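The primary structure of each chain is shown beneath.
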Amino acid sequence: MCGIVGYIGSGNAEKIVIEGLKKLEYRGYDSSGIAMNFDGKLVVEKRKGRITNLEEALEKASYDFGNCHLAIGHTRWATHGAPSDVNAHPHFSMDHRIAIVHNGIVENYLEIKDRLIKEHGIKFVSETDSEVVAQLLSVYYKGDLEEAMFRAIAEMRGAYSICAIAADEPDRIVATRKDAPLLAGIGNGCNFLASDIPALLKHSREFYLIENGEVVVLTRNDIKIYNSEHQPVTRDVFHVSWDADSAEKEGYDHFMIKEIHEQPKGLTETLERRLGADGTVKLDGIHLTKEDIEGFDRVYIVACGTAYHAGLIGKYAIEKFAKIPVEVDVASEFRYRDPFVDSRTLFIAISQSGETLDTLAALREAKSKGARIMSVVNVVGSSVARESDDVFYTWAGPEIAVASTKAYTTQLMCMYLIALYMGRVKGVLEKAYHDRIVEELRAIPAKLEKLLEGEQVIKNLAKELYRIEHVFFIGRGTDSAVALEGSLKLKEISYINSFAIAAGELKHGTIALIEKDTLVVALSTQDRLFEKMLSNIQEVKARGAFVIGVAKEGNAAIEEQASRTIYIPECMDEVTPLLTVVPLQILAYYIAKERGCDIDKPKNLAKSVTVE
Ligand code: AGP
């Protein structure tokens, strides 16, 4: 998500804000900018790319920074509009009398934008939803920025934290938030705003946490907070004892565990905006017509690593809901096996970073043979996104840990949505069944929250097992694909030799490796395959294995067979992967932690593999 920093005081506002933005670089961003008030003159500088690009621009412009005591800054993680100078924040109102920075998404920005163009002749310059905020404020501005803010937020829907400054008000910053973080830092003769604590730790450890719907007005010596009725509210001071490093992880020990816990939010963001009021799926960014979809005689899903594992679930979903044959391939193989691809092929690339070279090369190969290119990507404006005909973004937010977790589950969500959409458009998916699956998907974030509350059980299991050197993950149906992901999580952060195999395959050779105390994680969440899995558990137990069974709540029969059991909340077989993977992520995390591994940056690995 984007980062916000604001300052008002007697110091050098530009220096303090840029420093604060640099403390937020870890969150991932694609552009940055700053708005400064020089005694009534508003100036905005913003640049695509790293903050150093912005600093060079500021240096070149040689402003009199000693005379600037009010500034707001921003690091952007693009959601609407590719990364560019013009789409970067801050955004100016058309008259350049107001400047804003914004974090989040204004869902009804198009209707507001249309109204401002038609009724006020506003000329927009960017592709962003955020620019609407600046223009809307300027329309309501009659010399009182605080008043204008209340009127603007009464009209906006979505998730946002906003900071605004006005040329004619060099003595204050006005800010607000709804479902996006914002806090006010208390200084001495100065005050601060930020989206995240690390930006301000150098200057203050005393904060006011701004609540949803509240407006906060900062002057040098005062911080006023108002509720949505514009009544003043009092707020306890929140004291932060974290050091800078743990503040970046918002108190978690590693980005990975933080991102595991961010999955319910990521899934909600990825799902909810794509569902109409009647539950129909709206695929923004995907321009597939009924003719297009009926014209496909095959789908290739191509990716690497975790994204490939998401593709395997995509195969189940598309074949089950859209009745189109699907081939899933690792990108590094696809591009060298002269695949059968033509204009009747839908090629789906899945990539968190959107920069994985193998996946990009496979995409180019398919494109050269006439395939329709769709991609599921987490980074807006990345290479894979730019080279696709249709892009379906996961809205997981920046994923910092090398081991992918929230990107994987949001990729699964996207695959379900694409499959449901194609099935309905093709007319091969019964509306009642479609609606049941949509309801199941909607219920996942809350079930995931419940699952995460049971983290301690898995943590204890990790303490018991962390010395293990060989682990087998087995499963049937979609569980066999989730087993691959669970195995990859464990091996890449704990360096344990782990292996995944379809449970039905065990007897064809691999079971020779099972001996006393071999750890087997048996994923048994598919009702229709549960009895089969119990037999597989018996098979490996008979050879001395220690079995962790993973099953749906209520399937207590597994406890007679397994050495330990982890339950996931009840749900339909079709959507269990969204839940089953999470205990495996947590188990891998705590085993790696017990082993003292470098969890966020495992040896030999990179977050984005941009080489062959
Ligand atoms: C996942 O935990 C790994 N870090 C790795 O397998 C990753 O999924 C793979 O490199 C693909 O990356 P991408 O999604 O950015 O294309």
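Before reading on, note that the structure itself is shown above.
Within every chain, residues take consecutive numbers counted from 1 along the sequence as written. Totals for whole chains, interfaces and linings use every residue, but because this is a predicted model, local features are given only for residues with pLDDT of at least 70 and side-chain atom pairs only at 80 or more, for both listing and counting. Each side-chain value is worked out from all heavy atoms of the structure, with water and hydrogens disregarded.

**Q** Please clarify how the overall build of the protein chain should be interpreted in this entry.
**A** When its secondary structure is counted, the protein chain shows 20 helices and 25 strands. On C-alpha atoms alone, the protein chain measures out to a radius of gyration of 26 Å, which is about the 25 Å that the 2.2 N^0.38 rule sets for 612 residues. Summarising its shape, the C-alpha atoms of the protein chain cover approximately 80 × 55 × 45 Å along the three principal directions. Here the analysis covers contacts within the protein chain between residues at least 6 apart in sequence; of these, 72% occur between residues at least 24 apart. Of the roughly 23,000 Å² of accessible surface on the protein chain, a fraction of 50% belongs to carbon and sulfur atoms. The charge count includes Lys and Arg as positive and Asp and Glu as negative, but it does not include His or the ends of the chains. Lysine's charge is taken at NZ, arginine's at CZ, aspartate's at CG and glutamate's at CD. Side-chain charges in the protein chain split into 73 positive and 90 negative, and the spacing between the mean points of these groups amounts to 2 Å. Going along the chain from the N terminus, every DSSP run of H or I of four or more residues is numbered as a helix, and every run of E of two or more is numbered as a strand. For the radius of gyration, the atoms used are the C-alpha atoms, and the globule rule reads 2.2 Å times the number of residues raised to 0.38. Contact criterion: two residues are considered in contact whenever any of their non-hydrogen atoms come within 4.5 Å of each other. Residue burial considers only the protein chains on display, and all accessible areas are found by Shrake-Rupley using a 1.4 Å probe.

**Q** Would you explain the sheet that holds strand E17 (residues 326-330) in this entry?
**A** Paired strands, as defined in this entry, are two strands with at least two bridges between them according to DSSP. Reading across from one edge, E17-E16-E18-E19-E20 is the order of the 5 strands in this open sheet, with parallel pairing throughout. The outermost strands of the open sheet, each flanked by one partner alone, are E17 and strand E20 (390-393). The mean angle between the axes of side-by-side strands here comes to 20°, regardless of whether they run parallel or antiparallel. For strand E16 (residues 298-303) and E17, the ladder comprises 5 bridges, and the chain directions are parallel. In the sheet register, Ala-303 faces E17, and the bridge partner there is Val-330. Here the axes come from fitting lines to C-alpha atoms, over the contacting stretch only for helices, and the angles between their N-to-C directions go from 0 to 180 degrees. Seen against the sheet, helix H10 (residues 305-321) touches E16, E17 and strand E18 (345-351) and runs at an angle of roughly 175° to E17.

**Q** Looking at this structure, I do not really get the packing of H10 against helix H14 (residues 406-426). What am I missing?
**A** A pair of packed helices can be characterised by two numbers: the angle between their axes and the separation between those axes. The N-to-C vectors of H10 and H14 enclose an angle of 20°; their axes lie 8 Å apart at closest approach. Relative to H14, H10 is oriented roughly parallel. For H10 against H14, the interelement crossing comes out right-handed. Counted together, Thr-306, Ala-307, His-309, Ala-310, Ile-313, Gly-314, Ala-317, Ile-318 and Phe-321 of H10 and Tyr-408, Gln-411, Leu-412, Met-415, Tyr-416, Ala-419, Leu-420, Met-422 and Gly-423 of H14 form the full contact between these two elements. Throughout, the ten residues Ala, Val, Leu, Ile, Met, Phe, Trp, Tyr, Cys and Pro are labelled nonpolar, Asp, Glu, Lys and Arg are labelled charged, and all others, Gly among them, are labelled polar. Across the contact of H10 with H14, the residue classes break down as 13 nonpolar, 5 polar and no charged. Small angles under 35 degrees read as roughly parallel and large ones over 145 as roughly antiparallel, with 65 to 115 read as roughly perpendicular and the rest as oblique. Each helix crossing is assigned a hand: it is left-handed if the near helix lies turned anticlockwise from the far helix by less than a right angle, otherwise right-handed if that turn is clockwise.

**Q** Just checking my understanding: could you explain the packing of aromatic side chains for this structure?
**A** Two descriptors summarise a pair of aromatic rings, namely the distance from one centre to the other and the angle between the planes of the rings. Two rings from Phe, Tyr or Trp (for Trp, the six-membered ring) form a pair when their centres sit within 6.5 Å of each other. Planes less than 30 degrees apart are called stacked, planes more than 60 degrees apart edge-to-face, and all others tilted. The full count for this structure, using the stated rule, is 9 aromatic pairs. Judged by centre distance (5.1 Å) and plane angle (70°), the rings of Tyr-300 and Phe-334 are edge-to-face. You can see Tyr-300 sitting in strand E16 and its partner Phe-334 sitting in helix H11 (residues 331-334), a full 34 residues away along the chain. Neither residue differs from the other here; Tyr-300 and Phe-334 are each classed as buried. Members of the aromatic cluster, connected to one another through ring pairs, are Phe-38, Tyr-63 and Phe-65. Directly above the ring of Phe-124 sits Lys-113, whose terminal nitrogen or CZ lies 5.0 Å from the centroid. Relative accessibility decides the category of a residue: with a 1.4 Å probe and only protein chains considered, values under 20% of the type maximum give buried, values over 50% give exposed, and everything between is partly exposed. A ring is considered to have a charge above it if a Lys NZ or an Arg CZ atom is located within 6 Å of its centre and within 35 degrees of its normal.

**Q** Explain the pairing of strand E11 (residues 206-209) to me, please; I cannot follow it from the model alone.
**A** Two faces, one strand: in a regular strand the side chains alternate between the faces of the sheet. For strand E9 (residues 183-186) and E11, the ladder comprises 3 bridges, and the chain directions are antiparallel. Pairing of Ala-184 across the sheet is with Tyr-208, part of E11.

**Q** Looking at this structure, I do not really get the environment of Ala-154. What am I missing?
**A** Along the chain, Ala-154 falls in the loop between helix H5 (145-153) and strand E7 (158-166). Residue class for Ala-154 comes out exposed when judged on its relative accessible area of 68%.

**Q** Hey, could you run me through the site of the ligand in this one?
**A** The environment of the ligand is made up of 15 residues, and the closest members are Ser-351, Gln-352, Ser-353, Thr-356 and Glu-492. A 3.5 Å cut-off defines polar contacts: any pair of N or O atoms within that distance qualifies, except that in protein one atom must be a possible hydrogen donor and the other a possible acceptor, and neighbouring residues in sequence count only when both atoms are side-chain atoms. A distance of 2.6 Å separates an oxygen atom of the ligand from a polar atom in the side chain of Ser-353. Note that an oxygen atom of the ligand is positioned 2.5 Å from one of the side-chain N or O atoms of Thr-356. About the coverage of the ligand: the protein hides 91% of its 410 Å² of free accessible area. Listing elements by their share of the shell around the ligand, those giving two or more residues are H10 and helix H17 (478-494). Here the shell around the ligand is built from residues that sort into 6 nonpolar, 7 polar and 2 charged. Here a residue is considered near a molecule or strand provided that any single heavy atom belonging to it is located within 4 Å of it.

**Q** When you look at the sheet that holds strand E6 (residues 98-106) in this model, what are you seeing that I'm missing?
**A** Whenever strands of a sheet pair, they do so through backbone hydrogen bonds, lying parallel or antiparallel. Sheet architecture is open: 7 strands sit in the order E5-E6-E7-E8-E12-E13-E14, paired in antiparallel fashion. If you trace the sheet from one side to the other, it starts and ends with strand E5 (91-92) and strand E14 (232-233), each paired once. Where strand E13 (residues 223-226) meets E14, 2 bridges bridge the pair, whose relative direction is antiparallel. Residue pairing across strands places Tyr-226 opposite Pro-232, the latter belonging to E14. Packed onto the sheet, helix H4 (residues 131-140) meets E5, E6 and E7 and runs at close to 130° relative to E6.

**Q** I'm lost on the side chain of Ser-93 in this one. Help?
**A** Relative to the helices and strands, Ser-93 resides in the loop between E5 and E6. Judged by its relative accessible area of 1%, Ser-93 is buried. From its side chain, Ser-93 meets the backbone nitrogen of Arg-97 in a polar contact 3.3 Å long. Leaving out residues up to four positions away in the same chain, Ser-93 has contacts with Ile-98, Ala-134, Gln-135 and Ser-138.

**Q** How should helix H12 (residues 357-368) be read in this particular structure?
**A** One turn of the α-helix equals 3.6 residues, which is why residues spaced by three or four share an orientation. Its 12 residues place the ends of H12 16 Å apart at the C-alpha level, agreeing with the 16 Å of an ideal helix rising 1.5 Å per residue. Residues of H12 that are buried include every one of Asp-358, Thr-359, Leu-360, Ala-361, Ala-362, Leu-363 and Ala-366, and no others. At its buried positions, H12 is contacted by E16, H11, E18, strand E19 (372-377) and helix H13 (383-386). Once H12 ends, the next one or two residues include Gly-370, with phi positive near 95°. In this scheme, a helix's expected span is set at 1.5 Å multiplied by one less than its residue total.

**Q** I would appreciate a short explanation of unusual backbone geometry in the present structure.
**A** Leaving glycine aside, a negative phi is the common case for residues, and trans is the common case for peptide bonds. With omega at 5°, the peptide bond leading from His-89 into Pro-90 counts as cis. Mapped onto the secondary structure, Pro-90 falls in the loop between strand E4 (70-76) and E5.

**Q** Is there a simple way to explain the pairing of E9 in this structure?
**A** As paired elements, E9 and strand E10 (residues 191-194) share 4 bridges and run antiparallel to each other. In the sheet register, Gly-185 faces E10, and the bridge partner there is Phe-192. Taking the residues between adjacent antiparallel strands as the criterion, E9 and E10 are bridged by 4 residues, where Gly-189 takes a positive phi near 80°.

**Q** Help me out: how do you make sense of the packing of helix H8 (residues 263-272) against H14 in this one?
**A** Viewed as axis vectors pointing N to C, H8 and H14 meet at an angle of 30°, and their least axial separation amounts to 9 Å. With respect to H14, the element H8 is oriented roughly parallel. Here H8 runs over H14; the crossing is right-handed. Where H8 approaches H14, its residues Gln-263, Gly-266, Leu-267, Thr-270 and Leu-271 are matched on the opposing element by Lys-406, Thr-409, Thr-410, Met-413, Cys-414 and Leu-417.

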